[in-house]
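Structure at a glance
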Amino acid sequence: MEKIKVCVLFITYNHANFVREALESMLIQKTTFSFKIVVGDDCSKDGTRKIIANFEARYPDKIILSNPVINLGAEKNFNQLLAKCIDIQPDYIAYLEGDDYWLDEYRLQKQFNILENNPDVGLVYGKNKLRNEQNNLIECRTPPFKSGYIFEDIILNKYLPALHSSFFRTCLIKEIFAQSNYFGLDLYIIAEMARRSKFIYVDDFFHVYRATPGSITKLQAQNVKNQFNKVLNLYKKDYPGLVKKGLNTGNKLLLYNQIADNPSFSNLWLLIKYYEFSFMHQRQIIKWFFLKLKKLF
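Criteria and cut-off values
Residues numbered from 1 in each chain as written. Predicted model: local features only at pLDDT ≥ 70, side-chain atom pairs only at ≥ 80, totals over all residues. Heavy atoms only, no water. Core = buried A, V, L, I, M, F, W, Y, C linked by side-chain atoms within 4.5 Å. Buried < 20%, exposed > 50% of the residue type's maximum accessible area, 1.4 Å probe, protein only. Helix = DSSP H or I, 4+ residues; strand = E, 2+ residues; numbered from the N terminus. pLDDT = per-residue confidence, 0-100. Contact = heavy atoms within 4.5 Å. Salt bridge = Lys/Arg side-chain N within 4 Å of Asp/Glu carboxyl O. Axes fitted to C-alpha atoms, helices over the stretch in contact; angles between N-to-C directions. Parallel < 35°, antiparallel > 145°, perpendicular 65-115°, else oblique. Left-handed = near helix turned anticlockwise from the far one by under 90°. Nonpolar A, V, L, I, M, F, W, Y, C, P; charged D, E, K, R; others polar.

1. Some points on the nonpolar core
Core analysis: the biggest nonpolar cluster contains 46 residues, and Phe78, Tyr188 and Met193 have the highest contact counts within it. Among the elements that make up this core, the one with the highest residue count is helix 7 (residues 186–196) (7 residues). By size, the runner-up hydrophobic cluster in this structure holds 31 residues, among which are Ala16, Met26, Ile63 and Ile114.

2. Points about the confidence of the model for the chain
Residues of the chain with pLDDT of at least 70 account for 92%, and the chain-wide mean is 87. Note on residues 215–222: pLDDT under 50 across the span, and 15 contacts to partners over four residues away in sequence or across chains.

3. What to know about the pattern of salt bridges
In the structure shown here, the tally under the stated rule is 14 salt bridges. Residue Asp91 pairs with Lys3 through a salt bridge whose shortest N-O separation is 3.6 Å. Here Asp91, found in the loop between helix 3 (74–88) and strand 4 (92–97), pairs with Lys3, found in the segment before strand 1 (6–12); they are 88 residues apart in sequence, far enough to count as distant. We classify Asp91 as partly exposed; its relative accessible area is 25%. Judged by relative accessible area, Lys3 falls into the partly exposed class, the value being 41%. Here Asp153 and Lys146 are joined by a salt bridge, their closest N and O atoms 3.0 Å apart.

4. Here's the deal with the packing of helix 3 against helix 6 (residues 170–177)
Where helix 3 contacts helix 6, the axes come no closer than 11 Å and their chain directions differ by 130°. Taken together, the axis directions place helix 3 and helix 6 in an arrangement best described as oblique. Between helix 3 and helix 6 lies a crossing of left-handed hand. Of the residues in helix 6, those in contact with Asn79, Leu82, Ala83 and Ile86 of helix 3 are Thr170, Ile173, Lys174 and Phe177. Its residues assigned to classes, the contact of helix 3 with helix 6 shows 5 nonpolar, 2 polar and 1 charged.

5. Focus: the environment of Leu82
With respect to the helices and strands, Leu82 occurs in helix 3. If we skip the residues at most four places from it in the chain, Leu82 touches Leu9, Ile93, Ile173, Phe177 and Tyr182.

6. Topic: unusual backbone geometry
One non-glycine residue with positive phi stands out, namely Asn14, at about 55°. With respect to the element layout, Asn14 can be found in the loop between strand 1 and helix 1 (19–27). Of the residues examined, Asn14 reaches a relative accessible area of 30% and is grouped as partly exposed. Positive phi, normally seen in glycine, also occurs at Asn157, with a value near 65°. Along the chain, the position of Asn157 falls in the loop between helix 5 (151–155) and strand 8 (167–169).

Shown next as structure tokens:
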């Protein structure tokens, strides 16, 4: 039997309107190696599981179902799929959620080639586009991504490689998954891999993130601050100065991002409380008043 070189971890919940596009974007991948799509539908109520079952019947050589029998929630569903992928023992793992999709039919092959030729690198990543709630496809402003050891950049919140556009070694994630303090959050997984190995950045668009009212990221938005603080505090003992800077920068950025969705008086108070003489901070205060007036009128 041919060795499975790559597993794609595919998590989905109530994505009936989008899951076909996601699956097709994986199935059209042109590769010189064998890969499997390991699917975990978290007990969808909208027909997602039926769509996936139809795909599995058509592509039994590509799709492995690992659907939970009860609703687990995004993190636990991710973890049970990750355990399944590790058990299959591929060399590499990629990731996708059911309301997103891949752009490049050579995406897996490109990233595979890079890791095959760079044994000292643990992960390769690229860029993403955004499909907004008006269904417009947008090229997001790209931060100054780079290759090499980027752990400090991640903790300082300069950027975070998207797990969706990443391709990484199974041995690396297996080591992280076995830790007693493991939890299945993008920031933690990426930070732990960056702490252990070099990354390579490829200046290509690899996937589309779809911003929908029911997307996993949106549903978790209220917990972002707690999750962020939880992850960074794991490194407080070993990197106290770095974490202090990272928490300060990260909490300000989270506050700035909150304002677009919620120009509340509590957010204005936080802007005043943590006021600093910077163009960014003053722009956020002006933005708050603009958005507040817009809502009123």
